[in-house]
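# Topology and contacts: notes
Spelled out from the first residue to the last, the chains are:
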2 protein chains.
Amino acid sequence: MGRTAGRSFDRMDVARAAWRVIVRDGLHEASVRAIAKELKATTGVVTYHFRDKEDLMLFALDRLSQGIEDAIDHQMRGAVGPDRLLRLLEATLPVGPRQAQGWRIWFVFTGYALAHPRLMEEHRRRLDRLRQRIATELSALRKVGAVAGTVKPLKEADAIVALGDGIGLSHLLRPELYPPARQREIMWTYLGPLLRRKGRDSPKSGRA
Amino acid sequence: MGRTAGRSFDRMDVARAAWRVIVRDGLHEASVRAIAKELKATTGVVTYHFRDKEDLMLFALDRLSQGIEDAIDHQMRGAVGPDRLLRLLEATLPVGPRQAQGWRIWFVFTGYALAHPRLMEEHRRRLDRLRQRIATELSALRKVGAVAGTVKPLKEADAIVALGDGIGLSHLLRPELYPPARQREIMWTYLGPLLRRKGRDSPKSGRA
DNA sequence: CAATTAATATAACATCTGTTATTTTCTTGA
DNA sequence: TCAAGAAAATAACAGATGTTATATTAATTG
């Protein structure tokens, strides 16, 4: 085989190489040859593991999406009450290098997807899942009395998603204006009036 | 010349054709030949008016940016008090077909620009100008006592920009979830606690 | 009207793209 | 050890791309 160690490439290796190329050089430069080069391999590896380029791109996007959801699950594990919502948002906002890079890839894909129905579908699904998760949390908080009974979870979730996406987008353009602390501050300025603080106030420092 | 009427093409005609292609087919399909075809002309027109493709793209983006600013100026003309901020936001949010299309182009360019320093510069400038304008309005409102003295205009402007961009992005992905009325509702839910309403409350219906 | 220039069309270029086919190399199992 | 199959490399192709050069046409001016 081609590599020094015994293991060979799999689909995930190719997808990761594609991510790196996209982050560094943009989607325009992410040709089959460039991705193979990033892998330190040849185009044969790519064509062997994927039917065509759309297959590769859909796979790369799907795995990115799934990785983000796994990160959300991981961060929320064991948390209760309003802390659950906090951690959920921490996993999506670009407050760390990992999230920031994910955001970047996602965003580049989004711009491309606007003219490609298949990719657009994937984006909508991700948005819907996030929306539902946030709404679920709000629902639970409402039952416990942590948010007002007048709050409609799905509608409020839409607003939170929009604010989160906006913070992510702004961060991509001007990272120095939207450091992690500022991101949290903006988000909690919005969330503040929504949550009936019993005892503690909004959090000062977040988790990585 | 090529066209039925006597007038010939100029740089703006080419830019408009580029916009249409980008909106319809995406940036990947916006080749020199495709843009010329959209113009119902040949590539000669494009190469005559622009040094190279980057020249064309920078021009197209610059004119888009300027068009949005002109729209802001036009909508704000004559308005006073909090109404000025309202109209400013109305001009940027995708509450009408014109703004929505502008948003779409802008967004596609942004995804592309992330790997292109020259275009990135232009994006940052636009963000900064918008930020400054919003901050100016908040400053004026603070002097009049319409917003609390504790509000820091620039910081608050950053949050508003983020929310606005988020609404625009969300609208692109799921227009049915973010119709104009909903966009305004989200924005004013955030702005509400910021503005000391004297007399009237937040607006129910906006301007086109 | 003729000559000059501006505007557009056409043609040709080298390069890059995704894809397919073929060949080589490595791994595995009997 | 050696055949069989998997994985990777290589080669080739048709088409598209940005760019440049040239030719053609329309407008302008004297």
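Analysis parameters
Residues numbered from 1 in each chain as written. Chains lettered and ligands numbered in written order. Predicted model: local features only at pLDDT ≥ 70, side-chain atom pairs only at ≥ 80, totals over all residues. Heavy atoms only, no water. Helix = DSSP H or I, 4+ residues; strand = E, 2+ residues; numbered from the N terminus. Buried < 20%, exposed > 50% of the residue type's maximum accessible area, 1.4 Å probe, protein only. Contact = heavy atoms within 4.5 Å. Areas by Shrake-Rupley, 256 points an atom, 1.4 Å probe, with all protein chains shown as cover. Lys, Arg positive; Asp, Glu negative; His and termini not counted. Charge placed at Lys NZ, Arg CZ, Asp CG, Glu CD. Axes fitted to C-alpha atoms, helices over the stretch in contact; angles between N-to-C directions. Parallel < 35°, antiparallel > 145°, perpendicular 65-115°, else oblique. Nonpolar A, V, L, I, M, F, W, Y, C, P; charged D, E, K, R; others polar. Least-squares fit on C-alpha atoms with pLDDT ≥ 70 in both. Buried area = accessible area lost by both parts, 1.4 Å probe. Salt bridge = Lys/Arg side-chain N within 4 Å of Asp/Glu carboxyl O. Polar contact = N/O pair within 3.5 Å; in protein donor to acceptor, adjacent residues only side chain to side chain. Domains from an automatic or database assignment. Expected span 1.5 Å × (residues − 1). Phe/Tyr/Trp six-rings, centres within 6.5 Å; stacked < 30°, edge-to-face > 60°. Lys NZ or Arg CZ within 6 Å of the ring centre and 35° of its normal.

## Looking at the overall build of chain A
When helices and strands are tallied, chain A shows nine helices and zero strands. Moving toward the C terminus, one meets the helices and strands of chain A in the order α-α-α-α-α-α-α-α-α. The principal-axis extent of the C-alpha atoms belonging to chain A is close to 60 × 35 × 30 Å. Burial analysis of chain A (208 residues in total) assigns 53% to the buried set. For chain A, the share of sequence-separated contacts (at least 6 apart) that also reach a separation of at least 24 residues comes to 59%. As displayed, chain A offers around 10,400 Å² of accessible surface, 52% of which is attributable to carbon and sulfur atoms. For chain A, the separation between the mean place of its 37 positive charges and that of its 24 negative charges on side chains is 3 Å.

## Some words on the packing of helix α8 (residues 153-173) of chain A against helix α8 (residues 153-173) of chain B
Running from N to C, α8(A) and α8(B) cross one another at 110°; their axes reach a closest spacing of 7 Å. Classified by the angle their axes make, α8(A) and α8(B) are roughly perpendicular. Only B:Val161, B:Ala162, B:Leu163, B:Asp165, B:Gly166, B:Ile167, B:Leu169 and B:Ser170 of α8(B) make contact with α8(A), whose side of the interface consists of A:Val161, A:Ala162, A:Leu163, A:Asp165, A:Gly166, A:Ile167, A:Leu169 and A:Ser170. Per-class residue counts for the contact of α8(A) with α8(B) are ten nonpolar, four polar and two charged.

## Things to note about the relation of the copies chain A and chain B
Superposition of chain A onto chain B requires a rotation of 180° combined with a translation of 0.0 Å along the rotation axis, giving an RMSD of 0.0 Å. Read as a symmetry element, the transformation amounts to a two-fold axis. The C-alpha atom lying nearest the rotation axis in chain A is that of A:Gly166; the distance is 1.7 Å. Taken together, the interface assignments show that 100% of the residues at the interface of chain A recur at the interface of chain B, consistent with an identical surface on both copies.

## A closer look at the interface of chain A and chain B
In this assembly, 42 residues from chain A lie in contact with 42 residues from chain B. With both chains or domains summed, chain A and chain B bury close to 3,800 Å², and 67% of this area falls on carbon and sulfur atoms. A per-residue breakdown of the area chain A buries against chain B is headed by A:His28, A:Leu114 and A:Leu173, which together make up 17% of the total. Counting the contacts that link chain A with chain B gives four salt bridges. A salt bridge links A:Glu185 to B:Lys155; the nearest nitrogen and oxygen atoms lie 3.1 Å apart. In this assembly, chain A and chain B are joined by twelve residue pairs in polar contact (both at pLDDT 80 or more). Sorting the residues of the side of chain A that touches chain B by element identifies α1 (11-25), α6 (97-113), α7 (117-144), α8 and α9 (180-191) of chain A as the ones contributing at least two each.

## Observations concerning helix α5 (residues 82-92) of chain A
All names here are of chain A. Burial runs high along α5: eight of the eleven residues are buried. Among all positions of α5, only Asp 83, Leu 85, Leu 86, Leu 88, Leu 89, Glu 90, Ala 91 and Thr 92 are buried. The secondary structure elements touched by the buried residues of α5 are α4 (53-76), α6, α7, α8 and α9.

## Thoughts on the domain arrangement of chain A
Residues and elements named next belong to chain A. As far as domains go, chain A holds domain 1 (8-50) and domain 2 (65-194). The distance between the C-alpha centroids of domain 1 and domain 2 comes to 29 Å. On the domain 2 side, the residues contacting the four residues of domain 1 number six residues. Of the roughly 540 Å² buried between domain 1 and domain 2, counting both surfaces, carbon and sulfur atoms make up 85%.

## Brief notes about α8(A)
Between the first and last C-alpha of α8(A) there are 30 Å, a value that for 21 residues agrees with the 30 Å anticipated at 1.5 Å per step. Among the 21 residues in α8(A), 19 count as buried, and that is most of the element.

## Focus on the packing of aromatic side chains
All chains considered together, the criterion is met by four aromatic pairs over all chains. With a centroid separation of 4.8 Å and 75° between ring planes, the pair formed by A:Phe107 and B:Phe107 is classed as edge-to-face. A residue pair is termed interchain when its members come from two chains, as with A:Phe107 in helix α6 and B:Phe107 in helix α6 (residues 97-113). We classify A:Phe107 as buried; its relative accessible area is 1%. Centre to centre, the rings of A:Tyr190 and B:Tyr190 are 6.3 Å apart; their planes meet at 5°, and the pair counts as stacked. Pair noted here: A:Tyr190 is in helix α9 and B:Tyr190 is in helix α9 (residues 180-191), and the two residues belong to different chains. Here the two residues A:Tyr190 and B:Tyr190 agree in accessibility, since each one is buried. B:Arg11 extends its terminal NZ or CZ atom over the ring of B:Phe59, reaching a point 4.7 Å from the ring centre.

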